[in-house]
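# Residue-level structure breakdown
Spelled out from the first residue to the last, the chains are:
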Amino acid sequence: MVVDEVEREALDDVFRALADSTRRDIVVRTLRAEYSVSALSRLYPMTFAAVQKHVAVLERAALVTKRRSGREQLVTGNVDTVRRAARLLDQLELVWLARLDRFGEVLAEDPDPGARA
Amino acid sequence: MTVTGVQKDPASRTMTLTAEFTATAAGVWQLWSDPRRLERWWGPPTHPATVVEHDLRAGGSVSYFVTGPDGARSPGWWRVLQVTEPYGLEFELGDPAIPPLLVRVRIEEQPGGRTRMVIVTTFPDDEAMEQLIVMGYEQGLSTAVGQIDALFSTG
């Protein structure tokens, strides 16, 4: 399947970022509401620093954005990035449907090779 | 050619495409077994494929690249798992864009001079991919119509 280089690397980052259950949980939560990093760190059995690292990975993959509000860092899930990755799955279907169209065209040139003398 | 069905099953992470052709199984098979024919349908007109290596037997591999409009080449490969000429094959499809897919092809002659081809692609056992599907359904996301148009105009 064909996607451009930049898009490909970005999607790699997204898949890698989502290969961790804590990070997946953070994305799902922050898609629904903004959370401070402190509030997030209270949800998981790990240190504040560990949660901060997870958020950094997600931010690098553009799955969340962070903004400062006073002393807090507020994290919001990025619907566009999630949507782009979900589209990839639909794109796979489209790639194969287009392939099958072309398959039919090439096949029509010689559909019954056994019939040749 | 008729595409008689596309089914996506998030639970088993599979997508099943079924197509029927007015052709024999041998006719369908040679589009997989002949590298020069394979090239002609594998890539879209905007990104034609060139098959470099084509060893279609268990343990063999197929390697190719597609060439973009700017001349840039993008590689891909198959690791062939199983071949039952002319009724089917199974391979792992590798492409830099996505985690490797398992592809299973079954070719079956039908009454009336038709042949049915069923292609089952399975996403890898990857929690990330699964989560994406779940998230997609949760958010009610659907295919962007624009992309369908774009693909069929170039494909």
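It should be emphasised that the depicted structure is a prediction, and the values quoted were computed from it without experimental measurement.

Here is what the cut-offs are and how they apply
- Residues numbered from 1 in each chain as written.
- Chains lettered and ligands numbered in written order.
- Predicted model: local features only at pLDDT ≥ 70, side-chain atom pairs only at ≥ 80, totals over all residues.
- Heavy atoms only, no water.
- Helix = DSSP H or I, 4+ residues; strand = E, 2+ residues; numbered from the N terminus.
- Buried < 20%, exposed > 50% of the residue type's maximum accessible area, 1.4 Å probe, protein only.
- Contact = heavy atoms within 4.5 Å.
- Areas by Shrake-Rupley, 256 points an atom, 1.4 Å probe, with all protein chains shown as cover.
- Salt bridge = Lys/Arg side-chain N within 4 Å of Asp/Glu carboxyl O.
- Pairing = 2+ DSSP bridges.

## Some thoughts on the overall build of chain A
- Of regular secondary structure, chain A possesses five helices and three strands.
- By the burial criterion, 48% of the 117 residues in chain A qualify as buried.
- Sequence separation of at least 24 residues holds for 52% of the intrachain contacts in chain A that already meet a minimum separation of 6.
- Of the roughly 5,900 Å² of accessible surface on chain A, a fraction of 47% belongs to carbon and sulfur atoms.

## Considerations on the pattern of salt bridges
- For the structure on display, the rule yields 12 salt bridges over all chains.
- For Arg67(A), the salt bridge identified is with Glu34(A), shortest N-O distance 2.8 Å. With Arg67(A) in strand S2 (residues 64-69) and Glu34(A) in the loop between helix H2 (21-32) and strand S1 (35-36), this pair connects stretches of sequence that are 33 residues apart.
- The class of Arg67(A) is partly exposed, set by a relative accessible area of 45%.
- Residue Glu34(A) is classed as partly exposed on the basis of its relative accessible area, which comes to 36%.
- Residues Glu20(B) and Arg114(B) are paired through a salt bridge, measuring 3.7 Å at the closest nitrogen-oxygen approach. One end of the pair, Glu20(B), is in strand S2 (residues 14-21); the other, Arg114(B), is in strand S8 (residues 114-122), and 94 residues separate them in sequence.
- Its relative accessible area of 15% is what places Glu20(B) among the buried residues.
- According to the relative accessible area criterion, Arg114(B) is partly exposed, its value standing at 21%.

## Describing the sheet that holds S2(A)
Residues and elements named next belong to chain A.
- Here we have three strands laid out as an open sheet, ordered S1-S3-S2, and antiparallel in their pairing. Since the sheet does not close on itself, it has two edges, and those belong to S1 and S2, each with one partner.
- Two strands pair when backbone bridges link them, and S1 and strand S3 (residues 72-77) are joined in this way by two bridges, in the antiparallel orientation. Within the sheet, the bridge partner assigned to Ser36 lies in S3 and is Leu74.

Worth remembering: the numbers are spatial, not functional.
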